[in-house]
Amino acid sequence: MKRLCSLTILALGLTALTVQAQETAPVAAHTYEAGLSTLVVLDERSDRELEGLIWYPTDSAEPTQPDFKSAVWVGAQVIRDAKAAPGAFPLIVLSHGMFGNARNQAWLAAEMARRGFVVAAVDHPGTSTWQRDPDQRRALWRRPGDITRLIDFAVLPGTLPVQVDPDRVFMAGHSLGGFTALALAGARYDAERLERFCETMPSELACGIFADWQIAQTPEDRVRMQADLADKRIRAFAVFDLGGTQSFSDASLTRIDRPLLVFGAPIMNSGLTLDIESRALIKALPSGSFRYIEPATLSHFDFFNLCKPAGYEILAKELPGDEVICEDGGTHRAAMHDLILDEVTAFFAQGLD
């Protein structure tokens, strides 16, 4: 638990088997530039404000610039507040990991925008870098609700700087964001199952985190956590080295009827155990409903942005132990990003018809 909880670095000014796309896919690499705008979800929920970022295709010829400045992280090249390219584009909603934020997968978002997708990400209150309120964190069922609210807002005409196609909505989630994605795909939280699992394996990461956050500890919270949180508008899901698999009921996992692209990271430097997370997930899913990819050198933190050459040393000095986040965070991570991008593009392209 300590390893993932230590991602506070993002709040300290350090901000912080390839396949070919289908021939009929209407997206192509580098057709557009990536526009970037801030995002505020405007609805009736004043108790849980949602803010984040939106990346989108643009034909603008203005110079690009990094989307953020950091001593550790390499920013993606974007055109801020650019005029959107004409037409309605497919939407990808992103969900960050524990104590992460909307910028964690900026590299993926910007590149998918260049390939003809709109990508929207919000900071999940309670479990994001700058918002760690314990009551919001305890209400973990609201995380999938954040994504549903984001989609509700994004598909309304005129709310975004770009038009999205409400019939072509996809999702990607990393770590706790992968947990969130599964809930939206139809997986149902099972408090008793998790309790039984944690009695036998109390040292597992999810056990410590969920106990510390007091997840489903009251009858009222248990009912909310175990409710059906699925959003049928999402056509397919990309799940990046998720955590919390053992908290879902087997029965609900076998009923998931939408395609999943599941990445497992065998370099287990985050505290997650692959055998009880991604590998266990695919054993429970219906056959033929998923594509599983486990590159031999992929680590949990390869889903983050690239690290600058000095990033490792900065983290080692400022937050000893957290330098693992930037281990092999340059050339090697760039190769992993290329693999992930090709897989995600091909996978979502299959759902565009």
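Residues numbered from 1 in each chain as written. Predicted model: local features only at pLDDT ≥ 70, side-chain atom pairs only at ≥ 80, totals over all residues. Heavy atoms only, no water.

K.L.:
Mind laying out the pairing of strand β9 (residues 260-263), listing which residues take part and the relevant values?
P.N.:
Both faces of β9 are covered, namely the face carrying L260 and V262 and the face carrying L261 and F263. Pairing of strand β8 (residues 234-240) with β9, which is carried by four bridges, proceeds in the parallel orientation. Across the sheet, F237 pairs through a bridge with L260, a residue of β9. (Buried < 20%, exposed > 50% of the residue type's maximum accessible area, 1.4 Å probe, protein only. Helix = DSSP H or I, 4+ residues; strand = E, 2+ residues; numbered from the N terminus. Pairing = 2+ DSSP bridges.)

K.L.:
Tell me about the state of the cysteines, and name the residues and values.
P.N.:
What we call a disulfide is simply a covalent bond connecting the sulfur atoms of a pair of cysteines. For the coordinates displayed, the defined rule picks out two disulfides. Through a disulfide, C198 is tied to C207; the S-S separation comes to 2.1 Å. Handedness here is read from the sign of the S-S torsion; for C198 and C207, about -90°, the answer is left-handed. No difference in accessibility class separates C198 from C207, as the two residues are buried. The disulfide that involves C307 links it to C326, with 2.1 Å between the sulfurs. Residues C307 and C326 share a disulfide whose torsion about the S-S bond is about -85°; that sign makes it left-handed. Here C307, found in the loop between β10 (290-293) and α11 (311-318), pairs with C326, found in the loop between α11 and α12 (331-349); they are 19 residues apart in sequence, far enough to count as distant. (Disulfide = S-S within 2.5 Å.)

K.L.:
I'd like a rundown of helix α2 (residues 106-114), residues and numbers included.
P.N.:
Taken across its nine residues, α2 has nine buried, putting it largely inside the fold. Residue G116 follows α2 closely and has a positive phi angle near 100°.

K.L.:
Describe the side chain of S289, and please don't skip the residues or the numbers.
P.N.:
Turning to its location among the elements, S289 is positioned in the loop between α10 (278-284) and β10. The contacts of S289, once residues within four sequence positions are left out, are I256, R258, P259 and L260. (Contact = heavy atoms within 4.5 Å.)

K.L.:
Before we move on, could you go through the packing of α2 against α12 and cite the residues and values that matter?
P.N.:
One way to put it is that α2 packs onto α12 with a least axis distance of 11 Å and a crossing angle of 50°. The angle between α2 and α12 places the two elements in the oblique class. Classified by chirality, the crossing of α12 by α2 is right-handed. On α12, the residues touching W107, L108, E111 and M112 of α2 are H337, I340, L341, V344 and T345. Here the contact of α2 with α12 is composed, by residue class, of six nonpolar, two polar and one charged. (Axes fitted to C-alpha atoms, helices over the stretch in contact; angles between N-to-C directions. Parallel < 35°, antiparallel > 145°, perpendicular 65-115°, else oblique. Left-handed = near helix turned anticlockwise from the far one by under 90°. Nonpolar A, V, L, I, M, F, W, Y, C, P; charged D, E, K, R; others polar.)

K.L.:
Tell me about the environment of R279, and please be specific about residues and values.
P.N.:
Mapped onto the secondary structure, R279 falls in helix α10. Of the residues examined, R279 reaches a relative accessible area of 29% and is grouped as partly exposed. Between the C-alpha atoms of R279 and M336, which are 57 residues apart in sequence, the distance is 19 Å. Excluding residues within four positions of it along the chain, R279 makes contact with L274, Y292 and E294. Within the structure, R279 has its side chain in polar contact with the side chain of E294 (distance 2.7 Å). (Polar contact = N/O pair within 3.5 Å; in protein donor to acceptor, adjacent residues only side chain to side chain.)

K.L.:
Any chance you could break down unusual backbone geometry for me, citing the residues and the numbers?
P.N.:
Of note in this structure, F99 is not a glycine but carries a positive phi near 60°. Take F99: it is sitting in the loop between β5 (88-95) and α2. A positive phi is found at Q214, a non-glycine position, where the angle reads about 60°.

K.L.:
Could you give me a rundown of the confidence of the model for the protein chain, with the residues and numbers involved?
P.N.:
On average, residues of the protein chain score 91 in pLDDT, and 92% of them are at 70 or above. Across residues 1-26, confidence stays below pLDDT 50; counting only partners more than four residues off in sequence or on other chains, it has 76 contacts. (pLDDT = per-residue confidence, 0-100.)

K.L.:
Let's hear about the sheet that holds strand β6 (residues 118-122): which residues, and what values?
P.N.:
Pairing within the open sheet is mixed, and its 10 strands lie in the order β3-β4-β1-β2-β6-β5-β7-β8-β9-β10. Across the chains shown, the open sheet's two edge strands, defined by having one partner strand only, are β3 (65-66) and β10. Inspection of the sheet shows β5 paired to strand β7 (residues 163-174) by seven bridges, in the parallel sense. Counted as the bridge partner of I92 is F170 from β7.

K.L.:
How would you sum up the environment of P259? Please name residues and give values.
P.N.:
Here P259 lies in the loop between α9 (250-254) and β9. Here the alpha-carbon distance between P259 and A185, two residues 74 residues apart in the chain, equals 9.1 Å. Those residues within four positions of P259 in sequence are excluded, and the remaining contacts are R235, A236, F237, S289 and F347.

K.L.:
Give me the pairing of β10: which residues, what numbers.
P.N.:
In this sheet, β10 lies alongside β9 in parallel orientation, the contact comprising four bridges. By the bridge assignment for β10, L261 is matched with R291.

K.L.:
Kindly report on the packing of aromatic side chains, identifying the contributing residues and their values.
P.N.:
Inspection of the entire model under this criterion finds 13 aromatic pairs. An aromatic cluster is built from F117, F170, F347 and F348, whose rings are joined through pairwise contacts. (Phe/Tyr/Trp six-rings, centres within 6.5 Å; stacked < 30°, edge-to-face > 60°.)

K.L.:
Account for the nonpolar core, with residues named and values stated.
P.N.:
Formed by 65 residues in total, the largest nonpolar core has its most connected members in Y189 and F237. Ignoring anything within four residues of it in the chain, the contact list for F237 reads M171, A181, L184, A185, R258, P259, L260, L261, F347 and F348. Residues A34, F68, V344 and A349 belong to the second largest nonpolar core, which totals 49 residues. (Core = buried A, V, L, I, M, F, W, Y, C linked by side-chain atoms within 4.5 Å.)

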